[in-house]
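# Notes for the structure review
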Amino acid sequence: MHTKSSVASATYYSDEISLREAVLKMLAFYRGFARALFPAAFFSALAAAAWVSFRPVYAVTAILDTPQLSLNEWRTFSPLLTDKALVQASLSAVAGLKDRERQTLEKSFLTPAFWESRIQYKTALRRDDVKESPNAEPKKTDTLGLEISITASDESAAAQRFEAMANHIRQAMIRHRLTTYLREQRQTVAQKRDETAIELIRQQFAIDQSNQRIADMQKLLEAYPELRRMDGATVVSVESGGGKYLSPLAQIVALKATISEANAGMRAVRRQQEEMALRGRFLAGIGTPPPLAGSDLAAWLDDRKKRLFASTDLQSPIAQEVSHDLDLHLQGPVLYADLWRFKTLPADFRTPILLRRPLPVGIAAFLAVWLLLPPVVLTFRAVRQGIAPPLPAAK
């Protein structure tokens, strides 16, 4: 037992090699290929360095000025940036964009990770401001703009890509504001329709009650003519028991004043009903808005509004008010987007990114060829000769 164990142990240790021996064998292996390997690695490095030197790529940034854009609004409409219909519509509006570049940008725009890595919201609130004002709310603080980071081959390509991204952001913002306004209008119209109907019923009931009380007071005056006199006190209101202890004639005057006030309130409510009816007709006419870019959607909505008021009496004050209010909210986002401009565009195109610098790329190509080519050549020879590489023995 002792002899067999010693022999097995000796055999086991004879199969092991030291790290030094492994390094020496590896060096000997590559030395055998050195004469043919060095020229291949050297010229591959020269070719790779020459290729990247004629195709430089630069990393540049620019800040898009977005006045009064809150962090909450940015986080709300930024998911729209990956909407496919919106991406295609906004890119089609960019002049001078080649088909290949448009396809590349479309593929990038549809990826959420692209926008997360390329856009950074720059708040006007700094860390020192937070320390000095602990109650400051970063989400409601004004912005310094959106910092956009891209890679481009030259200044012209950078300017074109910056404009394509900025235009897409503007279109997403416009569409977000328009759809939000339309959604809020639908809720308002539905809510006001019921509220005004209830208010009219209440006002009419109050008028009927006042008329009945006037009739009762007149009966009292007929029965008691001596009550036909006015008190020296001024009657402000007959509601909640006010004027209860005044003479019937004074109460009649107060009740008629109350009826007049209720009639004025009913006229205001009916006017509001007319306004909601016009807004409801506009919303019913547009239905579900088509998947257009922001400015195209604004133009489409404006066309629907003009069609509505073409068949409406524009001389009525309520129609004019609704028309101007719709113009304000439909064109407001477009005018606001026109303020979104780049403060400055980058002018430093001297240092390419690391993967487009000739020296690092040449060194990487040299090492890749030097280290990977010998095993590939040996494997190719073994396959050609029909000899499979030996597998390590199972222990």
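Above: the structure in question.
Overview of the structure. (Residues numbered from 1 in each chain as written. Predicted model: local features only at pLDDT ≥ 70, side-chain atom pairs only at ≥ 80, totals over all residues. Heavy atoms only, no water.)

A word on the packing of helix α11 (residues 294-310) against helix α12 (residues 317-337). Direction vectors running N to C along α11 and α12 enclose 170 degrees, while the axes themselves pass 10 Å from each other. Relative to α12, the element α11 lies roughly antiparallel. Between α11 and α12, the residues in contact are A298, L301, D302, K305 and F309 and A319, V322, S323, L326, D327, L330, Q331 and V334, respectively. Of the residues in the contact of α11 with α12, the class split is 8 nonpolar, 2 polar and 3 charged. (Axes fitted to C-alpha atoms, helices over the stretch in contact; angles between N-to-C directions. Helix = DSSP H or I, 4+ residues; strand = E, 2+ residues; numbered from the N terminus. Parallel < 35°, antiparallel > 145°, perpendicular 65-115°, else oblique. Contact = heavy atoms within 4.5 Å. Nonpolar A, V, L, I, M, F, W, Y, C, P; charged D, E, K, R; others polar.)

It is worth spelling out the packing of helix α10 (residues 248-286) against α11 at this point. α11 packs onto α10 with a crossing angle of 125 degrees between their chain directions and a minimal axis gap of 10 Å. The orientation of α10 relative to α11 falls into the category oblique. Between α10 and α11 lies a crossing whose hand is right-handed. From α10, L278, R281, F282 and I286 reach across to α11, where they touch W300, L301, R304, K305, L308 and F309. (Left-handed = near helix turned anticlockwise from the far one by under 90°.)

With 17 residues, α11 should cover 24 Å at 1.5 Å per step; its first-to-last C-alpha distance of 24 Å lies within 8% of that length. Among all positions of α11, only G294, L297, A298, W300, L301, D302, K305, L308 and F309 are buried. On the buried face of α11, the contacting elements are α5 (84-92), α9 (155-223), α10 and α12. (Expected span 1.5 Å × (residues − 1). Buried < 20%, exposed > 50% of the residue type's maximum accessible area, 1.4 Å probe, protein only.)

With that settled, the discussion passes to the environment of S260. With respect to the element layout, S260 can be found in helix α10. What makes S260 partly exposed here is its relative accessible area of 45%. Taking the C-alpha atoms as reference points, S260 and I207, 53 residues apart in sequence, are found 8.8 Å from one another.

The values reported here are purely geometric and, on their own, carry no functional implication.
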